Amino acid sequence: MTGTPLLKVRDLSVGLETGGGIRPIISGIGFDLAPREILGIIGASGAGKTVLSRALVNWIDPPLKVTSGSVIYKSQNILDLPAQKLRTLRREIAYVGANPAGALDPTLPVGQQIVEKLRAIAPEVPHDEARKRVIDLLGAVRIPSPQMRYHEYPSQFSGGMMQRALIVDALVSNPAFLVADNVTQPLDVTVAAQVLRLMRELTTRFDTAIVFISSSLPLVSDAADQILVLAEGRVVERQVTKALVATPQHPYTRELISQIPKIWTSEAVAIDPPAQSREPIISILDATRSYRVRKRGTFASYSTVRAVRNVTFDVFPGENFGIVGESGCGKSTLMRLLSRLERPDSGHVLCDGQDIARLSGKGLLKFRRDFQLVLQDPFNSLPPRTAIGAIIEEPLKTHGIARGEQLRDRVLSVMHEVGLPGALYDELPLGLSAGQRQRVNVARAMVLEPKVLIMDETLSSLDQTEQFKLLKLFEQLQVQHGLTYVYISHDLAMVRRVCNRVAVMYLGEVVEIADNSRLFFDPGHPYTKALLSAVPTLEERRYKPEDCLLEGEPPSPIDLPPGCSFTSRCPNAFGRCHQQSPVLTARGGKDLAACFLVENTLTHAAA
Amino acid sequence: MSVTETDIPVIPVPTQRGASVARRIWRIALASNEFRVGAIIFTVLVLAALLYPELSGIDPTKMSVATRLHAPPFMGDKWSWTAPLGTDQIGRDMLVRSLVGLRYSLFIGLSTVVLMLIIGCSLGTVAGYYGGRVDMVIMRLTDAQLSIPMIILAITVLGVSRPTIPAIILVLGLSSWPVYARVTRSVVMTERKREYVRAAEIYGASDFRIMVRLLAPLVLPPIIFVSALDVARMMIFESILGFIGLGVQPPTPTFGNIIADGRKYLLNAWWIATMPGVFLCLCLTSINLMGASLERARNRIYGGKS
């Protein structure tokens, strides 16, 4: 990089003050950041990324303590500045964190909050101008109709929009330097891709230098000019992005890269196709589920949210079935239907040929035993005040399967099977890492020896290394117990690795069902293509995001537009799409897609 | 991809059972001096209340005009152990009377709190768990209950019916459960939305099982620790009722009626009204000491602030 660096970090160390001294969290970090540069910082969870990002903006609170080093911004050491001077610097230095919902005040309209912030750090800006600038920026980060959105409250924003509002919040003072800590983590791939594109635009439009922190290398490599690899609080490698990906020097980086799932190679698939089976173990027939929600701003009128619409598919024994889609597409509702937490308004869910909506008493208990779910959030899904052994015992006790010593033995053997040390039996889940917690979750599901396991975003909260280990564990369990898995996920790389067949959902509908390789190499629906184009990857992209994805968010499931629900974002939409809704159409083999273009190619082929 | 047995890491299974959480809390609490002091005072008081009146053979209601208004031996001139805490206006032994009073007070205080806990927590759990209409009905009930001041309710009910021990317990218990119901409901409402409840529904646990096995261990402990303080509160209420003549009826001695009697002699025989107060104070202090150190031990285990 040329020119004088904007930011010079030298020998930066931060430690955690404990009773017995200082435990180092990050040590000896040093780098330069030039104007307009994007520096990516990657590392596994616990490598000290967030601590580093906070140290860069002098936001280290006890018990953390800066033990040595300097962060020199325009020849001033930020770490030594008194609070007064630091405040004036805040307009040049901005920080965006990973928890947009927590960072916005729920009681103030979004626009007003941002104006408030701008005027706090730059009081000379008149109110009208501040407002205008915020609205302009909301538009610049592609928030639709910014004039209206300005007056809305954070609860009316989706997660992606909140994250973008926070980016506006950081940018509104035209910072010279922005720290983005894991900003894309809570976002869907399509939205994350939009945010990344936005970041790159910023460097050219506002001359901002960005430190972009994430645990996902493919994502960082999409955005960053240079990458810093952090391992256990130390910089192990620093290279220009392309060079780092092509010729990693440090063994840690090499390992990190080798763990990143590849998508468009035949080795990407790590599972064998199941034995061709006869009877589906689950089949869902034309299931629909709507919710009534109170209309905003009215007293007693309701509107209907159509969360799942006319979904039909089969899952065969021994198969790994994937369900993918953006958040809000109805995946979770579908999971609730499959696990009979709710019944469909119309249509049926059959398990082993029985309609599960009609089950009760013994039949239901039997179904519950065969059919288990591993949930997404490792922190919410374990009762915090129950010992781990007791948590895993509970399903056995519920079904009255074992008692006394036998119960304990059974729990210990399951714990062993999922790789949990037996010593944890009487421990509370408090001290466990996210990965261990997910193992407890898996153990709780496995202890009943189910036939079907639904993985509802089970791995999405774990870092690459843990994901890798758990996927291996799932494979082992499948081999040993002949399980059928249903993976509900938005992580296409993982789906590519483990699933035999994949259903793609959009706005409550299944828009495509296809075999793994067909879906990835020859997607039949433009939405699938858009999703694929947005996957962060180190490989050469098969689908260019520019061709596949239009800006914007999915329409609200409350007032669905007539015609195909993807029309508003589809680059290939034509007249008919606005009036009629396509149905799932066979496109050779068992693969189906709901798009008029598929019909057209078929009729052309026939003609 | 083939997977073999050797891929599974072998983890040694411990042969000894680790200490359960409850036992660890006890251990930490027992190690603190406060808990020990509280426990010793409490045990001595309870043992004395249970045993002394029987063992000494002194009848708490036996009058003896000859020995009326004797000061306690450490105050007066005649040193005698016959009445270690003096006698009242009609010559009854104050120590025995106070201890019998403590007996009633403790029994009523404890039973009332147990009753409050049972009613309040179960209604609160049900309201928070099911929500909707069930919740509305129960919460309106608590509102109604909260709007009637306890002491007025007690005076009305006990004034009309005979103030027997069960009646006193019922009145005190029924008038104080809404607080418990409200607290329980709010905790259950937030916990109910957590994913582990969903997981339990999926492995087939019934609503009752979820409430009892998953939610109760989470909701109850903090409430029970706080309720230790309510035992003290209820003992005071029992004394108030006794004082205004609506508690357990004389000649049975209770803190309330002893104090009421002693009030008239406060200037020349202060010990009559004071002794029950001293016992009440000792008892409440010991309960609070134990409660506080148990709470601290619990926080140590669960990772809260101490």
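Residues numbered from 1 in each chain as written. Chains lettered and ligands numbered in written order. Predicted model: local features only at pLDDT ≥ 70, side-chain atom pairs only at ≥ 80, totals over all residues.

## Section: the overall build of chain A
Assigned secondary structure in chain A consists of 22 helices and 22 strands. Since a compact globule built from 607 residues should have a radius of gyration of about 25 Å, the 26 Å found for chain A is in line with a globular shape. Across its three principal axes, chain A shows a C-alpha extent of roughly 70 × 65 × 55 Å. Relative to its 607 residues, chain A shows a buried fraction of 46%. Of the contacts formed within chain A by residues at least 6 apart in sequence, a portion of 67% connects residues at least 24 apart. (Helix = DSSP H or I, 4+ residues; strand = E, 2+ residues; numbered from the N terminus. Rg over C-alpha atoms; globule rule 2.2 N^0.38 Å. Buried ≥ 20, exposed ≤ 12 C-beta atoms within 10 Å, placed from the backbone. Contact = placed C-beta atoms within 7 Å.)

## Re the overall build of chain B
Helix and strand counts for chain B come out as 10 helices and zero strands. From first element to last, N terminus to C terminus, chain B shows the α and β order α-α-α-α-α-α-α-α-α-α. Across the 306 residues in chain B, those meeting the buried criterion constitute 38%. Long-range pairs, those at least 24 residues apart, make up 70% of the contacts in chain B between residues at least 6 apart in sequence.

## Quick notes on the UniProt feature "transmembrane region" (unreviewed entry) in chain B
All names here are of chain B. In the numbering used here, UniProt assigns the feature "transmembrane region" (unreviewed entry) to residues 33-52, 104-130, 218-248 and 268-290. For residues 33-52, the end-to-end C-alpha separation is 27 Å, with 100% helix and 0% strand making up the annotated structure. Taken as a whole, residues 268-290 contains 87% helix and 0% strand, while its terminal C-alpha atoms sit 37 Å from one another. (UniProt positions renumbered as here; feature names shortened; annotations may be inferred.)

## What about the confidence of the model for chain B?
Within chain B, residue pLDDT values average 82, and 89% of them lie at 70 or more. In the predicted complex, the global pTM is 0.75; the interface-specific ipTM is 0.71. (pLDDT = per-residue confidence, 0-100.)

## Side note on the sheet that holds strand β6 (residues 93-96) of chain A
Paired through backbone hydrogen bonds, the strands of a sheet run either parallel or antiparallel to each other. All names here are of chain A. Taken in spatial order, the six strands line up as β6-β7-β8-β3-β9-β10 in an open sheet, and their pairing is mixed. Unpaired on one side and paired on the other, β6 and β10 (234-240) mark the two borders of the sheet. Between one strand axis and the next, the sheet turns through 15° on average, direction left out of account. Pairing of strand β3 (residues 38-42) with strand β9 (residues 226-231), which is carried by four bridges, proceeds in the parallel orientation. Bridging from a neighbouring strand, Ile-42 pairs with Val-229 of β9. (Pairing = 2+ DSSP bridges. Axes fitted to C-alpha atoms, helices over the stretch in contact; angles between N-to-C directions.)

## Description of the packing of helix α4 (residues 132-147) of chain B against helix α6 (residues 165-192) of chain B
Residue and element names in this part refer to chain B. In the contact formed by α4 and α6, the axes pass within 8 Å of each other and the chain directions differ by 135°. Taken together, α4 and α6 sit at an angle that is classed as oblique. α4 and α6 meet at a crossing whose hand is left-handed. On the side of α4, the interface is formed by Ile-138, Thr-142, Gln-145 and Leu-146, while α6 contributes Ser-175, Pro-178, Ala-181 and Arg-182. (Parallel < 35°, antiparallel > 145°, perpendicular 65-115°, else oblique. Left-handed = near helix turned anticlockwise from the far one by under 90°.)

## Some remarks on the environment of Gly111(A)
All names here are of chain A. For Gly-111, the location among the structural elements is in helix α4 (residues 110-121). On the basis of neighbour counts, which here come to 22 C-beta atoms within 10 Å, the residue Gly-111 falls in the buried class. Separated by 35 residues in sequence, Gly-111 and Pro-146 place their C-alpha atoms 9.1 Å apart. In this view, Gly-111 contacts Val-134, Tyr-150 and His-151; residues no more than four positions away in its chain are not counted.

## Quick notes on the domain arrangement of chain A
Residue and element names in this part refer to chain A. Here chain A is described as being made up of domain 1 (7-259) and domain 2 (501-607). Between the C-alpha centres of domain 1 and domain 2 there is a distance of 34 Å. Counting from both sides, the interface comprises 15 residues of domain 1 and, opposite them, 12 residues of domain 2. Broken down by secondary-structure element, the contributors of at least two residues to the side of domain 1 that touches domain 2 are α8 (189-206) and α9 (217-223). With five residues, the top contributor of residues to the side of domain 1 that touches domain 2 is α9. (Domains from an automatic or database assignment.)

## Thoughts on the environment of Ala307(A)
Position of Ala307(A) among the secondary structure elements: in strand β12 (residues 302-315). On the neighbour-count criterion, Ala307(A) (23 C-beta atoms within 10 Å) is buried.

## Topic: the environment of Leu483(A)
All names here are of chain A. Counting through the fold element by element, Leu-483 comes out in the loop between α17 (464-481) and β18 (484-489). The exposure class of Leu-483 is buried, given the 22 C-beta atoms found within 10 Å. Those residues in contact with Leu-483, other than ones at most four positions away along the chain, are Lys-451, Leu-453, Leu-477 and Gln-478.

## Concerning unusual backbone geometry
Omega for the bond connecting Pro250(B) with Pro251(B) falls within 30 degrees of zero, at 15°, which places this linkage in the cis form. Relative to the helices and strands, Pro251(B) resides in the loop between α8 (207-243) and α9 (255-262). One non-glycine residue, Arg36(A), lies in the positive phi region at around 70°.

## A look at the sheet that holds strand β1 (residues 7-18) of chain A
Pairing is antiparallel in the open sheet, where four strands are placed in the order β2-β1-β4-β5 (chain A). The open sheet terminates on both sides in strands that have one partner only, identified here as β2 (21-33) and β5 (76-77) of chain A.

## Concerning helix α12 (residues 331-338) of chain A
All names here are of chain A. Within α12, seven of the eight residues are buried, which leaves the element mostly enclosed by the surrounding structure. Along α12, the residues that are buried comprise Lys-331, Thr-333, Leu-334, Met-335, Arg-336, Leu-337 and Leu-338. Immediately downstream of α12, the backbone of Arg-340 shows phi near 55°, a positive value.

## Re helix α16 (residues 434-446) of chain A
In this model, α16(A) (13 residues) spans 18 Å end to end at C-alpha, consistent with the 18 Å of a helix rising 1.5 Å per residue. Burial analysis of α16(A) places 10 of its 13 residues in the buried class, which makes it a mostly covered element. Within α16(A), the full set of buried residues consists of Arg437(A), Gln438(A), Arg439(A), Val440(A), Asn441(A), Val442(A), Ala443(A), Arg444(A), Ala445(A) and Met446(A). In this fold, the buried residues of α16(A) make contact with β16 (371-374), α14 (388-398), α15 (404-417), β17 (452-456) and α17 of chain A together with α7 (195-202) of chain B. (Expected span 1.5 Å × (residues − 1).)

## A few points about the nonpolar core
Of all hydrophobic cores here, the largest spans 240 residues; its most connected members are Val168(A), Ala180(A), Val211(A), Phe212(A), Ala443(A), Val486(A) and Val504(A). Among the elements that take part in this core, helix α3 (residues 94-130) of chain B stands out by supplying 16 residues, more than any other. When residues of this core are sorted by domain, at least three fall in each of domain 1 (7-259) and domain 2 (501-607) of chain A. Those residues in contact with Ala180(A), other than ones at most four positions away along the chain, are Val96(A), Met199(A), Ile210(A), Val211(A), Phe212(A) and Ile213(A). (Core = buried A, V, L, I, M, F, W, Y, C linked by C-beta atoms within 7 Å.)

## Details of the pairing of strand β7 (residues 177-181) of chain A
Residue and element names in this part refer to chain A. In terms of burial, β7 is a largely internal element, five of the five residues being buried. Burial of β7 is two-sided: the residues Phe-177, Val-179 and Asp-181 facing one way and the residues Leu-178 and Ala-180 facing the other way are all buried. In this sheet, β7 lies alongside β6 in parallel orientation, the contact comprising four bridges. Note on β7: the bridge partner recorded for Ala-94 is Leu-178.

## Quick word on the pairing of strand β11 (residues 282-294) of chain A
All names here are of chain A. When β11 meets strand β14 (residues 346-351), the two strands line up antiparallel, connected through five bridges. Each residue of the ladder has a partner; that of Leu-285, found in β14, is His-348. Relative to β12, β11 runs antiparallel, the two sharing 10 bridges. Each residue of the ladder has a partner; that of Arg-289, found in β12, is Val-308.

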